[in-house]
Amino acid sequence: MITVMENYDLVVSAGDSFVTAFQFNLNGYNLTGGEKITFNIKAHIDDVSPVISTLCGIDKVNNVITAYVSADEMKNLLAGNYFYDVFMVTPTGFKMSLIYSQRFIIEGVCHNV
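Residues numbered from 1 in each chain as written. Predicted model: local features only at pLDDT ≥ 70, side-chain atom pairs only at ≥ 80, totals over all residues. Heavy atoms only, no water.

(A) Region of interest: the pairing of strand β3 (residues 18-23). Burial along β3 is one-sided: Phe18, Thr20 and Phe22 are buried, and none of Val19, Ala21 and Gln23, which face the opposite way, are. With 6 bridges joining them, β3 and strand β7 (residues 64-69) adopt antiparallel strand pairing. If you follow Phe18 over to β7, its bridge partner there is Val69. (Buried < 20%, exposed > 50% of the residue type's maximum accessible area, 1.4 Å probe, protein only. Helix = DSSP H or I, 4+ residues; strand = E, 2+ residues; numbered from the N terminus. Pairing = 2+ DSSP bridges.)

(B) Structural context of the side chain of Glu35. Its place among the elements puts Glu35 in the loop between β3 and β4 (36-42). Put simply, Glu35 is tucked away with no salt bridge, and the nearest opposite charge, on Lys60, sits 8.5 Å away. Polar side-chain contacts of Glu35 include one of 2.7 Å to the side chain of Tyr29. A polar contact of 2.9 Å, which involves the side chain of Glu35, links it to the backbone nitrogen of Gly33. (Lys, Arg positive; Asp, Glu negative; His and termini not counted. Salt bridge = Lys/Arg side-chain N within 4 Å of Asp/Glu carboxyl O. Polar contact = N/O pair within 3.5 Å; in protein donor to acceptor, adjacent residues only side chain to side chain.)

(C) Looking closely at the pairing of strand β2 (residues 10-13). The alternating pattern of β2 places Leu10 and Val12 and Val11 and Ser13 on opposite faces, both of which are buried. Sheet topology places β2 next to strand β9 (residues 95-107); 4 bridges connect them, and they run parallel. For Val12, the partnering residue across the bridge sits in β9 and is Ile106.

(D) Layout of the packing of aromatic side chains. Counting across every chain of the model gives 6 aromatic pairs. Taking 6.1 Å as the distance between ring centres and 65° as the angle between the ring planes, the aromatic pair formed by Phe39 and Phe104 counts as edge-to-face. With Phe39 in strand β4 and Phe104 in strand β9, the pair connects residues that are 65 residues apart, well separated along the chain. The same class applies to Phe39 as to Phe104, namely buried. (Phe/Tyr/Trp six-rings, centres within 6.5 Å; stacked < 30°, edge-to-face > 60°.)

This is the structure:
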């Protein structure tokens, strides 16, 4: 289960696959598919390196970015509070944070799959 809070905080179940999509809306910029967009999860907001970083899928027709993290990767994260952000590098080398650091909360569950 994934819950997106009003302020972009995400709440997910421990050990589940994670997938979410974001509508891209940046003052008339349309995604070309040539961008490199990453979804990054950090243990602490000021960490230099993420504990998970995954390349996002890009739907250039609908201007949608999709982040996916497998259950195998997610099972390495214990229940608790983390932070995520979404970062883009355009084909011309322009770098931009699309979503600033937000909380990524992993809730413990009773099942063990």
